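The residues making up each chain are set out below.
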Amino acid sequence: MRQAKPQSLVIALATVTVITACAVQPGQQPVAPAQPTPTPLGQEENVAQTVKAGELKPPVVAQPCGDNCPYKDQTVTVIVNAAGEKGPISGPLYEIREEFEQATGAKLNIVEVPFAEHFPKLLTDFTTGSGQYDISIAGAWWLGDLVGGDYILSYDQWYTDPRFPKWDIEDVQPGPRSLLEYGGKKYMVANDHDGQVMYYRRDLLEDPNHKAAFKEKYGYDLKVPETWKEFRDVAEYFNGKDLNGDGKPDNGLTMHLKVGGQGMFHFMSFAAPFVIGPENTKLFWFDPQTMKPLMDSPGHLRALETLVDLIQFGPEAMMGWSLGEAWDHFLRGEAALTFTWGDLGALAQQEGSKVKGKTGAALLPGTTEYYNLKTGQWVKVDGVNRVGNTTGGSWAGVISKFSKAPEAAYYLLALMASKPKSLIYAARGWDGVDPGRFSHYLPPAGTAKIEDYLAAGWDEKDIRDYTQAYFDNFSAKLQFPYLRIPGTFEYWTALDIHLSEAATKQKTPEEALKATVADFEAITDRLGREKQREIYVTSLGLDQ
Amino acid sequence: MATIATTQIPQKRIGLVEHRDRAKRFFLLPAVVWVLAFSIFPLLYALYNSLFSFRFGRINEFVGLQNFGRLLTDANLHSGLRTTLIFVASTIVVQMILGFGLALLLNQEMRGRNVLRAIMILPLFATPVAIGYLGITIFYEQNGPLNVLLRALGIEPVPWLSNPFWALVAVILVDIWQWTPFVFLVSLAALQALPIDLYEAAEVDGASRFASFRYITLPLMTPTLFLILLLRLVEAFKVFDIPTSLTLGGPGRATEVYSLFTYRTAMRFFDHGYAAAQGFLLLVIVSVIVTLLFRRIGRLYDVES
């Protein structure tokens, strides 16, 4: 028998290496807002100015400590979602490293781990008490487990201490500010401020031809949708039309509904005005008396039915999409509407976007009635029932109880939270830090200057809409109640899976919500109903 | 004296035997330590964990056999088991037929045979996770190469990753693509070891190619094929990387295989006790299958010998 030549094997190995290297799919990091890679454009009319990652840097705030370094020979190790030196959330850590080390004498280690590995690694570190990580740039929903398990330190004692860089928690709007605290103590140091807003194609909604055609079809003026019903009409109207001039039909909307692709956040933001209203500002997840899940209420059901109905105006593929693909679809100009986090607005300004100067943003639409869970009645409202939200991770630093350098750790987080740095983080976009402070907003809402954003490459109309949308979202009188109890990720995973089942017609919306309730009950029973109830009630600020 | 002599020699021998025994024990020690540290201890530790509930990633309270009881009533677990069985049955059947068929084909004299053999085993070198991510690109519904090809052939694009049925098909196809070469490789090695004189004798007797295959190749290859089947079955039951990287178990639970479910239970929900119980169930299932197959293989070898 002839033997295979060694050259064949070498060629084979080289081919596999190349294939494997090419296998990295843009936008497949399900997680902390990832930066998709839009298609390079040949003839884009709207690429006036772009600022690449790293071009715009925040000012140096801390002075070098010289011979009097407070944390000399200490090491601060930060665990953060993997995104690289120019990636969202992790990027600013690399940028600030030199400044921090010169100001404190401490060393900064940055440990990047995939989103999926972050919480398990952190909890393993905590449960074994090894203290490998001093800081975690954590998701806000982890606080139920981290505080409940007594794994992280409150920074109350250091917040006003003049030894540390000054930052102002009152500068953060009340919605996102509430996520920094737990049980009356401060745990997370402000960084990212997540919340979902609606994005729309301003150029399409202002187009006279579309305005006329829309009015003829629906009997009212084409405008920025204020209710989910209007959102549906606009999505339906634009669905199937060519929205980016490539001669191919595009979609009315885009969403990310892959299991593990954070689709459950879509449902949370979407369902809020179906359940939350002036007479019920806090009940969404559980009955605080019994911890019975409320997820199968008529309000939740109508929300899910409406959401499932909307899916027909997006590409079928979005049932398998994570953030990256859904955003990419909008950035290519292939969808008229979406609702998601602040990253999209910033990414729309980046090189390769087809929607720079065309991307409007607004508070999420609402409803004209909501189901009051307290009374079991539908309640009609005057005008529109709109609910702000802080859905998402709001990725921010927490300090390990097992840290050997807790003060140096707080120094780093406070330095990153200082106003001049935070403004640049929020303006740049690529670093994943979304706006949520008064100092991020343009007057009269805040104190930022339009020049700050223009320097970061923003289109003026886009940034005015964007900051106003975020200000309106976090200022809304009604806010979606964020879940922060032990097992939150498990509850949300159950919701995510059953939402996907409803979206792909494996279950009816009613069946999906019933299955969600069954899973919620099992999780609550396992974690201890009474313990969970007590924490839930505390997290809502209700009396026991 | 004679008595003395007879008692002295055995004592020396006994000493020698004892020395040899000690040496044997010494050389066995690493293996024993290995088995104790990496098989017995984890097994006992998992058994211990399975008797407790967990909260905040730490042991909460003793629950006895409650975690094992949950195995019987957990509909989500049953769904994972069902998906795994479908996956195992589909992939194994196709891989065995395809892999063995290709081995037969490339065992023939033909031009470019070595190049084809090298190409055939390429997927084996790749990491399953990487292949899963590569699958996302290949099965990408809007402009993925597969749907572009289907469109070019005038066939309606397939919702590979957004439809529950097709998502499972996609996971199965990727697994088949990766592991068929294993069946191919081992089968080919075994085919090349078959005694050529039997075929020559058959040819002299006027046997057709099919008859040679039916009465020589297949019987001689059966033990090898059973061994491949055994190895693939065990691996297929543990499949994790491909569905995790390709679909994350979705849409819904359509591709949530058993190992992914257990992984979520342990590393996402930190319900280590229940995850340990799930591990034992899989161990039992796989052990039963392995035992049955081993018996079958044993009988085949007995018949041969």
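Counting from 1, residues in each chain are numbered in the order their sequence is written. Here every chain gets a letter starting at A, and every ligand a number starting at 1, in the order they are written. Where local features are concerned, this predicted model is filtered to residues with pLDDT of at least 70; where side-chain atom pairs are given and counted, the filter is 80 or more; whole-chain, interface and lining totals use all residues.

Attention shifts here to the domain arrangement of chain A. Residue and element names in this part refer to chain A. Annotation of chain A at the domain level lists domain 1 (75-194 + 393-453) and domain 2 (197-389 + 483-540). What counts as a domain boundary in this text is fixed by an automatic or database domain assignment. Taking only C-alpha atoms into account, the centre of domain 1 sits 28 Å from that of domain 2. The partner domain 2 presents 16 residues to the 15 residues of domain 1 that form the contact. Ranked by the residues each element gives to the side of domain 1 that touches domain 2, the list is headed by helix α4 (residues 143-148), at 4 residues. Ten residues, namely Ala, Val, Leu, Ile, Met, Phe, Trp, Tyr, Cys and Pro, are considered nonpolar, four, namely Asp, Glu, Lys and Arg, are considered charged, and the remaining ones, Gly among them, are considered polar. Here the side of domain 1 that touches domain 2 is composed, by residue class, of 6 nonpolar, 6 polar and 3 charged. We call two residues in contact if the C-beta atoms placed from their backbones are at most 7 Å apart. Helix and strand assignments come from DSSP, with helices taken as H or I runs of at least 4 residues and strands as E runs of at least 2, each series counted from the N terminus.

So, about unusual backbone geometry. In this structure, A:P444 follows A:P443 across a cis peptide bond, with omega equal to 5°. Examined against the element boundaries, A:P444 turns out to sit in the loop between α15 (419-428) and α16 (450-455). The omega torsion of the bond from B:G250 to B:P251 falls at -5°, within 30 degrees of zero and hence cis. Relative to the helices and strands, B:P251 is located in the loop between α11 (241-246) and α12 (258-268).

Every contact between the two is made by 43 residues of chain A and, on the other side, 37 residues of chain B. Taken together, the elements giving at least two residues each to the side of chain A that touches chain B come down to α1 (6-22), α3 (115-128), α4, α18 (488-503) and α19 (509-527) of chain A. Looking at which element gives the most residues to the side of chain A that touches chain B, the answer is α1(A), with 8 residues.

Next up on the list: the nonpolar core. Residues and elements named next belong to chain A. Each nonpolar core consists of buried Ala, Val, Leu, Ile, Met, Phe, Trp, Tyr and Cys residues. Their C-beta atoms, within 7 Å, join them into a set. The exposure label follows from counting other C-beta atoms within 10 Å of a residue's C-beta, where the C-beta atoms are placed from the backbone and the thresholds are 20 or more for buried and 12 or fewer for exposed, leaving partly exposed in between. Ranked by internal contacts, the top residues of the largest apolar core, which has 166 residues, are I135, V197, A336, L337 and L412. The element best represented in this core is helix α14 (residues 406-417), accounting for 10 residues. In this structure L412 touches V76, F100, L108 and I135, once residues within four positions along its chain are discounted.

A separate point is the pairing of strand β1 (residues 52-55) of chain B. Both β1(B) and strand β2 (residues 58-62) of chain B contribute to a ladder of 4 bridges, which runs antiparallel. Bridge pairing in β2(B) places B:R55 opposite B:R58. For two strands to be treated as a pair, DSSP must find at least two bridges joining them.

So, about the sheet that holds strand β7 (residues 197-201) of chain A. Residues and elements named next belong to chain A. Strand order across the open sheet formed by 4 strands is β8-β9-β7-β10, with mixed pairing between neighbours. Sheet topology places β8 (251-254) and β10 (359-362) at the edges, where each strand pairs with a single neighbour. Geometrically, the sheet is characterised by an average inter-axis angle of 20° between neighbouring strands, direction not taken into account. In this description, a line fitted to the C-alpha atoms serves as the axis of each element, helices being fitted only across the stretch in contact, and the angle between N-to-C directions of two axes falls anywhere from 0 to 180 degrees.

Looking now at the confidence of the model for chain B. Close inspection of predicted coordinates is inappropriate in any region flagged by low pLDDT. Residue and element names in this part refer to chain B. On a range of 0 to 100, pLDDT expresses the predictor's confidence in each residue. Taken residue by residue, chain B gives an average pLDDT of 91. The fraction at 70 or more is 96%. Segment residues 1-5 is flagged for pLDDT under 50; beyond a separation of four residues in sequence, or across chains, it makes 0 contacts in the model. This complex was scored by the predictor with a pTM of 0.87 and an ipTM of 0.85.

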